[in-house]
Amino acid sequence: MAERLLVAGGLVIDPRRKLEAVRDVLIENGKIKDAAAGLAKKAGLKGTPTLDAKGLWVIPGLVDMHVHLREPGREGDETIATGTAAAAAGGVTTVLAMANTEPVTDSPSQLAFLRAKAARDAQVNVLFAAAVTAGQRGERLTEFARLKAAGAAALSDDGRPVMSAGLMRRALEYAKDLGLLVIDHCEDLTLSAGACVHEGAPALRKGLKGAPGAAETVQVLRDVALAELTGGRVHLAHLSAAASVEAVRRAKRRGVPVSAEACPHHFALTDGMIPDLDANWKMNPPLRGGEDRAALREGLADGTIDAIATDHAPHGCGAKAQGLDLAPFGVIGLETSLAVALTELVRGKVLSRRALVERMSSAPAALLGLKGKGTLAPGADADLVLVDPGASWTPAPPFRSKSRNTPFAGRPLKGRAVKTLVAGRVVHAL
Amino acid sequence: MTKDWGRKDLLGLEGLEADEIESLLDAAAAFKDSPPKPLLAGRTAAFLFSEPSTRTRSSFEMAARRLGAEVLSFSAAGSSLAKGETLLDTALNLQAIGVTHFILRYDRSGVLEDLAPRLKACVVNAGDGWHEHPTQALLDVMTLRERWGSLKGKRVVILGDIRHSRVARSNLFALKTLGASVVFCGPTPLVPREFAALGARIEHDVEKALRGANAVNVLRLQLERMEQGFVPSLADYAAAYQLTPERLALLKPDGLVLHPGPINRGVEISSEVADGPRSVILDQVANGVLIRMAVLALCEQERARG
């Protein structure tokens, strides 16, 4: 007997099919069977278990291509179980976990361990990135072919840049042959050394060492040049500086195989908003100036920036309670990304609701080559989110995440995931 | 020895006409069928090698001796080259002593083109840098021609480190000239797409490259390529590109396996394949002596003419 579920009467938004209409969605055995008007009234479907979605949006589950689950090595800050619970609460049904674990995820055996752990503990789909260089030391490449065979979904040294241009060139060439996406954290360490915030007026006032936007942009430009040389695709993580956005825009215009993501904190906040040395506002790259924030929004609007990703980076309270200068970089984001994006971008008239779903679901799914994700077309995985666009709420600890380091705590937001389904199973319900 | 070759040197195969290559192949085949004449009696061959070599050098030495030549024992390390004398001065001195045939292996590409016209003696390239290794390609082609009769319309895959391979370049020139098509296969760092301009098809997916091919010539993967960052590790290279029995099965049913040696078993080729019935690796080595006899003998004709 087929396992069925109806999601009835919601506004279905499916960017890939350019669909934005009230539909009933029929789920069968974890897949989308059909999405059509009046399905709920069909004779054969009478008595099918039904979720009432009236007044809600029904969208494909969000794909967050940039999260840190801290497992293995820092289970005190986050685990696969708690990180994916946070994802489910935020409407995120697929995450790409970064490789800067302890030890670094750079071998086939570690991937096998993590995938087995995720199969047991995860509430949403978890993909794993493997490191580009052994130990993320930037000295020699990891075994891309064997890592791919072991299930690596992408390659990234995220948390650190690949500083050597020669090595990055080889990485792009080798990854291209295997069809693997290389994700680079752009930061010239010689420009950012010792910095804890953006190099702007607020940093000067507080006497803090800042990193200029150019620390990111010089490496964005380098990666563009290498992508152009090799024909290998590079994805630029967490763009933060206006000049970086412009560099990507020009590269795309020339047909260079480059893509980019932006994080909610960067398009919502600026360095001028940081309350007195609060380390929960510290991340890398840092919050920058108003022009940078405006450029990110423009980049999201015109498609220069393909995807929205959180860079969800949990740190325990102890680590963050050392003052801005000493605290580690990173903020959590899985539980607030949709709400921040709805509040800042859709209510702020930067993106249409359909474009928002595209940036948070369809586009990252396509960048990672995920079939059956990022759409509600028949045959797709039944990963979907019911969104109440009018729900007012204020994020506050405790969170599903083990950590609580977020600048959005206490900040009123509008719009929220009220139910999240993964393969047709409800993993979050308000 | 009927055909007239008209060159005193063999520096490379690029630019040779098909009938020139065939003269060499025919001469080598003739040596196989009849006992050699002392075509180089009273002549002296000298080796100038700035890189180590076992098989090429032994093969040349055997070829020279079979033709009746004296062989001067010499190697660049420990010679005047190490004392700072130029290669040309060394060669001129040896020529004055009575050397008639220089067999050179040099670690830089393109030195021989400068040297050869300044010498009366024959200059035979035994491998220069990444540039050419003409006798290796000739013995490869001879081995294929023995099996096939003609190379026209055949497809040969050259698999491995093409970027640093003089064997690959010489093979490409010979195979194309004789009417075969060539596929270069390996990871992009070792097989840059710019090679397409030389007339090879570039393919980074080994299965696609091998499917339906008539032969595959597997190149050795040198350990230093890993240290230089061209591939992450030998194991990773093997996972993606090693010629295994499964991959071999993609060739035409009678497809052949060549390897210029020395073999890294378990890296670029599995032992099963290297030792298997489709392998012609030892035929290549045997043909090497015949090819080198042919090259030395034909170049001597032109040298003797002055």
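A brief look at the structure comes next. The structure displayed is predicted, hence computed values, not measured ones.

Comments concerning the pattern of salt bridges
And step 1. This structure, assessed with the given rule, holds 41 salt bridges over all chains.
And step 2. Close ionic contact of R17 of chain A with D14 of chain A constitutes a salt bridge, the shortest N to O distance being 3.2 Å.
And step 3. The partly exposed category is assigned to R17 of chain A, whose relative accessible area is 35%.
And step 4. E146 of chain B is the partner of K32 of chain B in a salt bridge, and the nearest nitrogen-oxygen pair spans 2.7 Å.

Digging into the sheet that holds strand β8 (residues 125-130) of chain A
All names here are of chain A.
And step 1. Here we have eight strands laid out as an open sheet, ordered β6-β7-β8-β9-β10-β13-β14-β15, and parallel in their pairing. The sheet is open, and its two borders are formed by β6 (62-67) and β15 (307-308), each paired with just one other strand.
And step 2. Bridging between strand β14 (residues 258-262) and β15 involves two bridges; their strand directions are parallel. Bridging from a neighbouring strand, A262 pairs with I308 of β15.

A look at the packing of aromatic side chains
To describe a pair of aromatic rings, one takes the distance between the centres and the angle between the planes.
And step 1. For the coordinates displayed, the defined rule picks out four aromatic pairs over all chains.
And step 2. Each ring, one from F144 of chain A and one from Y174 of chain A, has its centre 5.6 Å from the other, and the planes form 55°; the classification is tilted. Residue F144 of chain A is found in helix α3 (residues 144-149), and its partner Y174 of chain A is found in helix α4 (residues 165-178); the two are separated by 30 residues along the sequence. Each member of the pair, F144 of chain A together with Y174 of chain A, is buried.
And step 3. Aromatic side chains F47 of chain B and F49 of chain B sit 5.7 Å apart centroid to centroid with 70° between the ring planes, which places their arrangement in the edge-to-face category.
And step 4. A cation sits over an aromatic face here: R416 of chain A above W393 of chain A, 3.8 Å from the ring centre.
And step 5. Above the ring of W148 of chain B, the side-chain terminus of K154 of chain B is found at 5.2 Å from the ring centroid.

The rules we used
- Residues numbered from 1 in each chain as written.
- Chains lettered and ligands numbered in written order.
- Predicted model: local features only at pLDDT ≥ 70, side-chain atom pairs only at ≥ 80, totals over all residues.
- Heavy atoms only, no water.
- Salt bridge = Lys/Arg side-chain N within 4 Å of Asp/Glu carboxyl O.
- Buried < 20%, exposed > 50% of the residue type's maximum accessible area, 1.4 Å probe, protein only.
- Pairing = 2+ DSSP bridges.
- Helix = DSSP H or I, 4+ residues; strand = E, 2+ residues; numbered from the N terminus.
- Phe/Tyr/Trp six-rings, centres within 6.5 Å; stacked < 30°, edge-to-face > 60°.
- Lys NZ or Arg CZ within 6 Å of the ring centre and 35° of its normal.

Worth remembering: the numbers are spatial, not functional.
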